[in-house]
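Descriptive structure summary
These are the residues of each chain, in order.
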Amino acid sequence: MASSRVANKFRTAFNYKGYEVTRWFPGHMAKGLSRMRRQLRQVDCVLEVHDARIPISGRTPRFQETLSVRPHLLVLNKMDLADLSRKNEIEEKLQRQNVEHLTFSSCNSFKDQDVKQIMPRVMDILSSSPEYHKEEDEDITLMVIGIPNVGKSSLINAFRRMYLKKGKATPVGKDPGITRSVLTKIRVSDRPSIFLLDTPGVLTPNIPDVETGFKLALVGAIKDHLVGEDFLADYLLFRLNRHENFRYVEHYGLQEPCDQVMRVLGHIAVTMGKSRKVRMDSGTGAVIVHQPNFQVAALQFLRDFRQGALGPAMLD
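Quantities reported herein were computed from a predicted structural model and do not represent experimental measurements. (Residues numbered from 1 in each chain as written. Predicted model: local features only at pLDDT ≥ 70, side-chain atom pairs only at ≥ 80, totals over all residues. Heavy atoms only, no water.)

1. Looking at the packing of aromatic side chains
When we look at a pair of aromatic rings, we describe it by the centre distance and by the angle of the planes. Definition in use: Note on ring pairs: Phe, Tyr and Trp rings are taken, using the six-membered ring of Trp, and paired if centres are within 6.5 Å. Classes follow the plane angle, with under 30 degrees stacked, over 60 edge-to-face and the rest tilted. Only runs of H or I of at least four residues qualify as helices and only runs of E of at least two qualify as strands under DSSP, and these elements are numbered from the N terminus. To sort residues, take the accessible area from a 1.4 Å probe on protein chains only and compare it with the maximum for the residue type: under 20% means buried, over 50% means exposed, and anything in between is partly exposed. Sitting over a ring, as applied to charges here, requires NZ of Lys or CZ of Arg to be within 6 Å of the ring centre and within 35 degrees of the ring normal.
Tallied over the entire structure, the rule returns ten aromatic pairs. With a centroid separation of 6.0 Å and an interplanar angle of 70°, the aromatic rings of tyrosine 252 and phenylalanine 301 are classed as edge-to-face. Placement of the pair is tyrosine 252 in helix H10 (residues 247-252) and phenylalanine 301 in helix H12 (residues 294-306), with a sequence separation of 49 residues. A relative accessible area of 0% means that phenylalanine 301 is categorised as buried. Following the ring pairs from residue to residue traces out a cluster consisting of Phe14, Tyr16, Phe214, Phe231, Tyr235 and Phe238. When the ring centre of phenylalanine 104 is taken as origin, the NZ or CZ atom of lysine 87, which lies over that ring, is 4.5 Å away.

2. Looking at the pattern of salt bridges
Selection criterion: Salt bridge, as used here, is a side-chain nitrogen of Lys or Arg placed within 4 Å of a carboxyl oxygen of Asp or Glu.
Following the criterion strictly, the structure yields eight salt bridges and no others. For the salt bridge of glutamate 89 with lysine 93, the shortest nitrogen-to-oxygen distance reads 3.5 Å. In this pair, glutamate 89 and lysine 93 are both assigned in helix H4 (residues 87-96), four residues apart and thus about one turn of the helix distant. Assessed through its relative accessible area of 34%, glutamate 89 is described here as partly exposed.

3. Description of the pairing of strand E2 (residues 72-77)
As a reminder, the rule being used: In this description, strands pair whenever DSSP reports at least two bridges between them.
The buried count for E2 comes to six of six residues, which makes it a mostly enclosed element. Along E2, one buried face is formed by His72, Leu74 and Leu76 and the opposite face, lined by Leu73, Val75 and Asn77, is buried too. Examined bridge by bridge, strand E1 (residues 45-51) and E2 share six bridges and lie parallel to one another. By the bridge assignment, glutamate 48 is partnered in E2 with leucine 74. Note: E2 against strand E3 (residues 102-104), three bridges, orientation parallel.

4. Remarks on the side chain of threonine 103
For clarity, the cut-off: Under the rule applied, a polar contact is a pair of N or O atoms within 3.5 Å (in protein, one hydrogen donor and one hydrogen acceptor; residues adjacent in sequence only if both atoms are side-chain atoms). Whether two residues touch is decided by their heavy atoms; if any such pair falls within 4.5 Å, the residues are in contact.
With respect to the element layout, threonine 103 can be found in strand E3. Here the side chain of threonine 103 touches glutamine 117 through a polar contact of 3.4 Å, side chain to side chain. Those residues within four positions of threonine 103 in sequence are excluded, and the remaining contacts are Leu73, Leu74, Val75, Leu76, Gln117, Ile118 and Arg121.

5. Quick word on unusual backbone geometry
A positive phi angle, near 65°, is found at lysine 78, a position not held by glycine. Not every positive phi belongs to a glycine, and glutamate 244 is a case in point at roughly 50°.

6. Description of the confidence of the model for the protein
Put simply, the test is: Residue-level confidence of the predictor, termed pLDDT, takes values from 0 up to 100.
Counting all residues, the mean pLDDT for the protein is 80, and 74% of those residues have values of 70 or more. Mean pLDDT per element in the protein: helix H3 (residues 62-67) is the minimum at 63, and H10 is the maximum at 96. Note on residues 176-182: pLDDT is under 50 here. Beyond four places in sequence and across chains, it has 28 contacts.

7. Re the pairing of E1
The buried fraction of E1 is high, at seven of seven residues. Of the two faces of E1, both are covered, the one formed by Cys45, Leu47, Val49 and Asp51 as well as the one formed by Val46, Glu48 and His50. Where E1 meets strand E4 (residues 140-145), four bridges bridge the pair, whose relative direction is parallel. Within E4, the residue paired with valine 46 across the bridge is methionine 143.

8. Here we look at the nonpolar core
Threshold: Grouping buried Ala, Val, Leu, Ile, Met, Phe, Trp, Tyr and Cys residues that are joined through side-chain atoms within 4.5 Å yields what is termed a nonpolar core.
Of all hydrophobic cores here, the largest spans 64 residues; its most connected members are Leu47, Val122, Leu142, Phe159, Tyr248 and Phe301. Here this core gets eight residues from one element, more than from any other, and that element is helix H9 (residues 229-242). Setting aside its immediate chain neighbours within four residues, phenylalanine 301 contacts Ala233, Leu236, Leu237, Leu240, Tyr252, Leu265, Ile268 and Leu310. Judged by nonpolar contacts, the second largest core, of twelve residues, contains Ala52, Ala82, Leu84 and Leu102.

This is the structure:
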């Protein structure tokens with residue numbers, strides 16, 4: 001209750017300071033989107049992997065053209081990091097966006113129980129599709145799509161681990177855009193014979209508004225430095241306070257919730273023992289002083305949020 005009273009004095013709106021996050025569309029992603037569309041005739045079903053913390057605003061309209069011509073399953077990944085108290089509301093919104101088939105999965109590693117439920121769903125979707133006609137021994141090809149850093153490669157590797165008892169087939173990383181190979185065909189099952197096409201994450205080139213851009217950045221779909229680590233950390237602090245998620249207070253050993261990001265980052269830096277030397281003019285000459293390393297602290301703040309250390313989150 002005391003924390004809520006303190007938070008009543010906090011910001012009710014975030015000042016984006018004229019920031020624009022309108023264009024982040026690397027060349028390899030544009031090329032990948034074009035080739036993905038050309039390959040749709042070879043695909044039986046589309047698996048769209050997305051972050052459960054941004055189930056609505058993060059999905060790009062460019063996928064809708066693709067999803068309308070092939071059976072589609074939306075996999076909302078990282079559900080263990082998401083606040084799903086409004087799960088029914090989210091499902092209703094997605095249904096209004098013509099999402100017929102939806103499933104949830106836990107975290108980036110894709111546990112076996114999550115993988116086990118996905119393939120039967122795919123087979124049910126295909127069997128009920130009027131356009132699907134396959135002989136028993138014919139290959140089934142699935143296309144994996146999604147924005148960067150939602151776990152597409154982890155899903156492919158989990159399929160191979162479960163059905164083929166093999167290791168990684170595609171690189172996995174925390175930075176957006178690590179999957180550079182375009183439309184690599186990877187076998188994930190022998191019986192039935194199933195292949196997956198792995199595609200680079202495709203992010204809409206025109207993010208509709210700056211808030212959507214910041215949401216994407218918070219979950220790691222846009223590289224931190226394109227927004228600015230300290231600016232993004234300030235947005236994270238604003239979101240946590242607005243939702244009265246004060247777990248960061250205990251996690252970092254603060255006395256109470258705080259609305260000043262530099263104070264929070266300074267405390268984190270001191271706790272981590274991270275400082276940097278700064279040359280300052282004392283009036284009688286230059287002196288070297290030690291200041292908290294705010295950038296390192298901001299990165300740690302963001303990392304803790306993304307790993308769930310600050311509690312589950314829902315950004316939509």
